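# Analysis of the macromolecular model
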Amino acid sequence: MTTLAIIGGTGLTQLSDLTIINREQLDTPYGSPSAEFVTGELNGSRIIFLARHGNPHTIAPHKINYRANIWGLKQLGVEQIIAVAAVGGITCEMAPAHIAIPDQIIDYSYGRLHTFFEDEAVQHIDFTYPYNQKLRSRLINAAATANIKISPLGTYGCTQGPRLETTAEIQRMERDGCDLVGMTGMPEAALAKELGIDYAAISVVANWAAGKSEGEITMEEIERHLHKGMANTAELLKAFVG
Ligand code: HPA
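Residues numbered from 1 in each chain as written. Predicted model: local features only at pLDDT ≥ 70, side-chain atom pairs only at ≥ 80, totals over all residues. Heavy atoms only, no water.

## Regarding the overall build of the chain
Applied cut-off: Helix and strand assignments follow DSSP, with helices taken as H or I runs no shorter than four residues and strands as E runs no shorter than two, numbered in order from the N terminus. Throughout, the radius of gyration refers to the C-alpha atoms, and the reference size of a globule is 2.2 Å times the residue count to the power 0.38. Contact definition: two residues touch when any of their heavy atoms are within 4.5 Å. What sets the accessible areas is the Shrake-Rupley method with a 1.4 Å probe; for residues, cover comes only from the shown protein chains. Asp and Glu are treated as the negative residues and Lys and Arg as the positive ones, with His and the ends of the chain left uncounted. Lys charges are placed at NZ, Arg charges at CZ, Asp charges at CG and Glu charges at CD.
On a plain count of helices and strands, the chain comes out with five helices and 11 strands. Against the 2.2 N^0.38 benchmark of 18 Å for 242 residues, the chain shows a C-alpha radius of gyration of 17 Å, consistent with a compact globule. In terms of overall dimensions, the chain has a C-alpha envelope of 45 × 45 × 30 Å along the principal axes. Considering only intrachain contacts with a sequence separation of at least 6, the fraction spanning at least 24 residues in the chain is 80%. Accessible surface, the chain: about 11,300 Å² in total, of which carbon and sulfur atoms supply 49%. Placing the 19 positive and 27 negative side-chain charges of the chain at their respective mean positions leaves the two points 3 Å apart.

## Focus: the site of the ligand
Definition in use: Nearness here has a simple test: a residue counts as near a molecule or strand if at least one of its heavy atoms is within 4 Å of that partner. Whenever a nitrogen or oxygen atom comes within 3.5 Å of another N or O atom, the pair is scored as a polar contact, on the condition that within protein one atom can donate a hydrogen and the other can accept it, and that pairs from neighbouring residues in sequence are kept only if both atoms are in side chains. Amino acids outside the nonpolar list (Ala, Val, Leu, Ile, Met, Phe, Trp, Tyr, Cys, Pro) and the charged list (Asp, Glu, Lys, Arg) are all regarded as polar, and Gly is one of them.
With respect to spatial proximity, the complete set of residues near the ligand consists of A86, V87, G88, L164, E165, V181, G182, M183 and N207. Between the ligand and N207 there is a distance of 2.7 Å, counted from a nitrogen atom to a side-chain nitrogen or oxygen. Counting residues per element, the ones that place at least two in the shell around the ligand are β5 (80-89) and β10 (180-182). No other element matches β5, which puts three residues into the shell around the ligand. Its residues assigned to classes, the shell around the ligand comprises five nonpolar, three polar and one charged.

## Brief notes about the UniProt feature "binding site: substrate" (unreviewed entry) in the chain
Applied cut-off: UniProt positions are given in the numbering used here, feature names are shortened, and annotations may be inferred rather than shown by experiment. Accessibility here uses a 1.4 Å probe with only protein chains present; expressed as a share of the type maximum, an area under 20% marks a residue as buried, one over 50% as exposed, and anything in between as partly exposed.
The feature "binding site: substrate" (unreviewed entry), as annotated in UniProt, sits at M183, N207, W208 and A209 in this numbering. Structurally, M183 can be placed in the loop between β10 and α4 (188-194). Residue M183 is classed as buried on the basis of its relative accessible area, which comes to 14%. With respect to the helices, strands and loops of the structure, W208 is situated in strand β11 (residues 198-208). Aside from chain neighbours lying at most four places away, what touches W208 is G89, I90, T91, C92, M94, A95, P96, S213, I217 and E221.

## Things to note about the environment of Y110
Mapping Y110 onto the fold places it in the loop between β7 (104-107) and α2 (133-145). Between the C-alpha atoms of Y110 and H62, which are 48 residues apart in sequence, the distance is 8.7 Å.

## Let's talk about the pattern of salt bridges
Counted only if it meets this: Salt bridges are defined by distance alone: a side-chain nitrogen of Lys or Arg within 4 Å of a carboxyl oxygen of Asp or Glu.
Inspection of the entire model under this criterion finds eight salt bridges. R67 is the salt-bridge partner of E118, the closest N and O atoms lying 3.2 Å from each other. Of this pair, E118 sits in the loop between β7 and α2 while R67 sits in helix α1 (residues 66-75); the two residues are 51 residues apart in sequence, bridging distant segments of the chain. You can call R67 buried: its relative accessible area is 9%. Here K212 makes a salt bridge to E174, at a shortest N to O gap of 2.5 Å. With K212 in the loop between β11 and α5 (219-241) and E174 in helix α3 (residues 167-176), this pair connects stretches of sequence that are 38 residues apart.

## As for the UniProt feature "site: Important for substrate specificity" (unreviewed entry) in the chain
Residues annotated in UniProt with the feature "site: Important for substrate specificity" (unreviewed entry) correspond here to E165 and M219. Annotated residues spanning 55 residues; largest pairwise C-alpha distance 14.4 Å, indicating a single compact cluster. You can see E165 is positioned in the loop between β9 (155-158) and α3. Within the local environment of E165, its side chain forms a polar contact with the side chain of T159, the two groups lying 2.8 Å apart. Relative to the elements of secondary structure, M219 occurs in helix α5. Here M219 falls in the exposed class, since its relative accessible area comes to 53%.

## What to know about the side chain of T91
Note on placement: T91 falls in the loop between β5 and β6 (99-100). Polar side-chain contacts of T91 include one of 2.8 Å to the side chain of D179. Ignoring anything within four residues of it in the chain, the contact list for T91 reads E174, C178, D179 and W208.

## Let's talk about unusual backbone geometry
With an omega of 5 degrees, the peptide bond between N55 and P56 qualifies as cis. Mapped onto the fold, P56 is located in the loop between β4 (45-51) and α1. Omega for the bond connecting G161 with P162 falls within 30 degrees of zero, at -5 degrees, which places this linkage in the cis form. Relative to the elements of secondary structure, P162 occurs in the loop between β9 and α3. Despite not being glycine, N43 shows a phi value in the positive range, around 50 degrees.

Following this line, the structure appears as structure tokens:
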């Protein structure tokens, strides 16, 4: 049986429908993962859950030890990862609380430890399709089964954070072809690919990106929309594993 992991981001520090079987703190050659790895049953299927920002949520996007997280999952035998993350919506379909299954990435982050191939054994992984197409299709089908409206495509732009973007930055990202903006999609996706783990993402829109709506982006607004988006995400995940 394939071992599946779910990485939860902001708004998904734990999976409330998960029946917990085991919690495991792991050390890796790259340091400590964000949190303990929680093994449990979701809708009858065994999965491993990891809180990307720690539990409680304390680790900023640029401080996450992405390598330890992915290495730890590999050590536990994980072959597939569904990564959930909050994003800002750039293009008109990507309204707050909406869900997208992105198919492409542009990486604007910098200074992150982003590869396992540092020393002698340099390898250049093919990253034409950063997300696994089969996993994406299964997520899209699960959304249809659960009657959840999603966007089946989208380009995810990864910024450094933790600040949000300027209007000009979002305009540039839109010209580049980004539909969504988040802070944690990279190097996570690339590291999973380096270790041969199938990886797909669920992007949950928390807010209109900078300059795409009137006024300031507030934490209150983000939390309100995420609450709704994450409730749909939980249903989507249940349909996906079931
Ligand atoms: N920008 C970057 N990351 C985000 C945003 C945003 O507007 N909203 C949620 N995560």
